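Examining the three-dimensional arrangement
Here is how the chains run, residue by residue.
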Amino acid sequence: MSELKEKVKSGYVILDASTAYGGVKYRREVLEQPTPAGTNGEGERKVWKTERMVDHRELVDACDRLVKQVDYALRKHASRTSFGWFADADQYAAIKARVAEIAAEAEGVNRTCAEVGCQRRCHIAVVPARLDLATPDAASEVYRTITTQLTDLKRAVRAGEVGRGFDNLLTRAKNLDKLAVGFAGESIGWALDRVKEARREVRDKIKRGQTPESAGKQVDLDAVDAAIAMFVPMDESVNDVIDDGVGDAGGGQE
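Everything quoted here is computed from the prediction, not taken from an experiment. (Residues numbered from 1 in each chain as written. Predicted model: local features only at pLDDT ≥ 70, side-chain atom pairs only at ≥ 80, totals over all residues. Heavy atoms only, no water.)

Here the focus is the packing of aromatic side chains. In this structure the tally under the stated criterion is two aromatic pairs. Plain terms: the ring middles of Y12 and Y92 are 4.9 Å apart, the flat faces sit at 35 degrees to each other, and that makes the pair tilted. Highlighted residues: Y12 in strand β1 (residues 11–16) and Y92 in helix α3 (residues 89–116), separated in sequence by 80 residues. The class of Y12 is partly exposed, set by a relative accessible area of 21%. (Phe/Tyr/Trp six-rings, centres within 6.5 Å; stacked < 30°, edge-to-face > 60°. Helix = DSSP H or I, 4+ residues; strand = E, 2+ residues; numbered from the N terminus. Buried < 20%, exposed > 50% of the residue type's maximum accessible area, 1.4 Å probe, protein only.)

Structure representation (structure tokens):
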């Protein structure tokens with residue numbers, strides 16, 4: 001894995017410490033006592049009625065929205081990895097600035113809660129933990145994140161699955177290129193641009209009467225293969241990683 005260390009960045013793992021608490025209570029009433037369930041009788045079935053009591057609907061919602069805004073800031077600016085949200089120095093600066101704005105708004109909401117007797121409060125904070133990605137273990141996880149997300153996108157295109165599920169894959173891969181440096185990072189950006197173009201091509205072919213699978217097999221995904229290959233260790237087979245299930249590893253035109 002040493003050959004990959006120089007391709008990845010160091011930065012921060014961002015821990016979201018934001019939370020909303022108080023102002024909401026639950027009361028549960030058992031409607032039916034436990035009864036056997038499951039095919040072997042070892043399971044259990046129980047029925048409850050749960051009552052949720054909110055002391056101030058508008059302020060509780062306001063607190064909850066602020067907590068969600070922190071999550072959105074991380075999704076917008078950070079890179080999703082197998083070990084959490086990662087941010088380089090520039091990404092962290094953007095996150096820090098946005099979280100400061102949200103925290104300032106939270107102070108006002110908390111004051112209003114106190115003034116009207118609402119028990120809801122929100123705490124807005126993120127905790128940066130310095131991480132050196134240029135180590136074998138960390139580089140291995142970055143490699144896995146990059147190749148897995150690009151491979152998932154490629155397989156979706158090849159299968160012609162370019163609907164809402166594809167949008168979710170693109171969202172997950174947002175800022176993926178920020179994990180790497182130099183040409184390696186650029187190759188990820190080019191790969192992401194290519195799969196977006198490929199989605200449009202597949203949709204157009206489907207509209208013209210082709211099956212999703214046929215349309216997906218015809219688009220050029222060489223840029224995706226090239227990006228994946230950048231992060232495959234020398235002792236592993238590139239074809240094992242970029243195999244698209246259509247009989248070739250190159251993904252060229254048919």
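Further notes follow.
As enumerated under the stated definition, the model contains zero disulfides in all. Free cysteine C113: the closest other cysteine sulfur is in C118, separated by 4.1 Å. A residue is classified by how much of its surface remains accessible, and C113, at 0% relative accessible area, is buried. (Disulfide = S-S within 2.5 Å.)

Another point: helix α5 (residues 164–172). Buried within α5 are the following residues: F166, L169 and L170. The arc that holds the buried residues of α5, viewed along the axis, is 100 degrees, so those residues lie on one side. Facing away from the buried side of α5 by more than 90 degrees, the exposed set consists of R164 and N168. (Arc of directions from axis to C-beta.)

Scope: geometric values only; no functional claims are made or implied.
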